[in-house]
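Listed below are the residues making up each chain.
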Amino acid sequence: MVFGIICGFSAAILNSAGYLFSAGFLNSYKSPLRLLVMATLLMQLISLPLLWWFPFGAIDDPLHFFGQMLLSCICFLVGQGAFFTALRFFEASRLSSLLGLKIIVLSGVFVLTGGELNVFQLTAVLLAAAAALLFNWAGAVRSSWKGWLLLSVTLCCYSTVDVLETGLVIQLREATGFGRFYSAFLTVPPMYVMLGMLSMPLLFYFKPDRKQLQKAMPYAVLWLGSQVLLFGCFATLLPVFGNVILATRGIFSVFAGMLLPRFGLGALDSQIPLSLWMRRVAAALMMLGAITLYSLAVM
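On a predicted model such as this, the values are computed, not experimentally measured, just so you know.

A. Spotlight on the overall build of the protein. Secondary structure assignment for the protein yields 11 helices and 0 strands. Order of helices (α) and strands (β) in the protein, N terminus to C terminus: α-α-α-α-α-α-α-α-α-α-α. Split into buried and exposed, the 299 residues of the protein put 49% on the buried side. By sequence separation, contacts in the protein at least 24 residues apart represent 87% of the contacts at least 6 residues apart. Summing over all exposed atoms, the protein offers an accessible surface of approximately 14300 Å²; the carbon and sulfur share of this is 70%.

The structure is reproduced here in structure tokens:
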């Protein structure tokens, strides 16, 4: 369990570090979707040579394994599409807060696919979701039914991806006998090569150039590294507890936000009022409480 917790915290730290570098890209291009496309292309290029180490011959049922991987990639892209479309109906800060509901949806998906959660684990899940909501909450959310439908699609797709990714790492580990971390490391390259192939049509619209790719490179490297750690976390702790751990990226993002002025990007995080900082401190304590409660529940 300790290994999984360390992987989860490390993934959260890399995610928050990626936030610093994504801020530089967004300051220049003002498009999160463009950043996603550039980063996906770079991660595909990084992943291609790593396929050399993937044990294709050890997979007993390649059609099932890579079919599950393809489904995971499709769900991710659908979720991302729904998320960016939902920005038309929600302010970015509110939508970010509402993504905290993912852990509740994930718990439902986990149970429906054969997982079990006791009352203490469910309490920890609700506490973590409440902390995530509180972290960036900016008042009552009003939106059309289309916005809520898109949010629901986003949460369901993201939750399904987490469950599928966990299954892939576990299947590879059982087929090869490799350790959890090495199995996680080997699962990431084929997934991001496949994801890059599915994203290719978007390249004709965004037209990548050297300058864009250079600005996106640090974010892409950090995100890819965080995925290896996250896969290892999920394979050890399963996706629900893994997401409780990953919720701490909100805490690390606070520190990342404090560093933005040092990078000349203070304007991106300078409008946060004192009341929101106080709520973030309370949310951080709730997150730590959720992690402690869940840890005790699985011991």
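B. Examining the nonpolar core more closely. Ranked by internal contacts, the top residues of the largest apolar core, which has 36 residues, are Phe54, Phe65, Met69, Met191 and Tyr192. Those elements giving two or more residues to this core turn out to be helix H2 (32-50), helix H3 (62-86), helix H7 (145-176), helix H8 (180-206) and helix H9 (210-246). The next biggest cluster of nonpolar side chains, apart from the first, holds 27 residues, and it includes Ile5, Val125, Leu237 and Ala290.

C. Highlighting the pattern of salt bridges. Tallied over the entire structure, the rule returns 1 salt bridge. Ionic pairing is found between Asp162 and Lys102, a salt bridge with its closest N-O pair at 2.7 Å. Taken together, the positions of Asp162 in helix H7 and Lys102 in helix H5 (residues 102-112) put the pair 60 residues apart, joining distant regions of the chain. A relative accessible area of 6% places Asp162 in the buried class.

D. Geometry of H2. A rise of 1.5 Å per residue sets the reference length of H2, with its 19 residues, at 27 Å; its end C-alpha atoms lie 27 Å apart and thus fit the reference within 8%. Those residues of H2 lying buried are Arg34, Leu35, Leu36, Val37, Met38, Ala39, Thr40, Leu41, Leu42, Met43, Gln44 and Ser47.

E. Spotlight on a nonpolar patch on the surface. A contiguous nonpolar patch, built from Leu70, Ile74, Val78, Trp145, Leu149, Val153 and Leu198 and spanning about 610 Å² of accessible area, is present on the exposed surface. Sorting the residues of the nonpolar patch by element identifies H3 and H7 as the ones contributing at least two each. Within the secondary structure layout, Ile74 lies in helix H3. Of the residues examined, Ile74 reaches a relative accessible area of 38% and is grouped as partly exposed.

The rules behind these values
- Residues numbered from 1 in each chain as written.
- Predicted model: local features only at pLDDT ≥ 70, side-chain atom pairs only at ≥ 80, totals over all residues.
- Heavy atoms only, no water.
- Helix = DSSP H or I, 4+ residues; strand = E, 2+ residues; numbered from the N terminus.
- Buried < 20%, exposed > 50% of the residue type's maximum accessible area, 1.4 Å probe, protein only.
- Contact = heavy atoms within 4.5 Å.
- Areas by Shrake-Rupley, 256 points an atom, 1.4 Å probe, with all protein chains shown as cover.
- Core = buried A, V, L, I, M, F, W, Y, C linked by side-chain atoms within 4.5 Å.
- Salt bridge = Lys/Arg side-chain N within 4 Å of Asp/Glu carboxyl O.
- Expected span 1.5 Å × (residues − 1).
- Patch = residues over 30% accessible without salt bridge, like charges linked within 9 Å, V, L, I, M, F, W, Y side chains within 5 Å.

So far we have only geometry, and geometry alone does not tell us how the molecule works.
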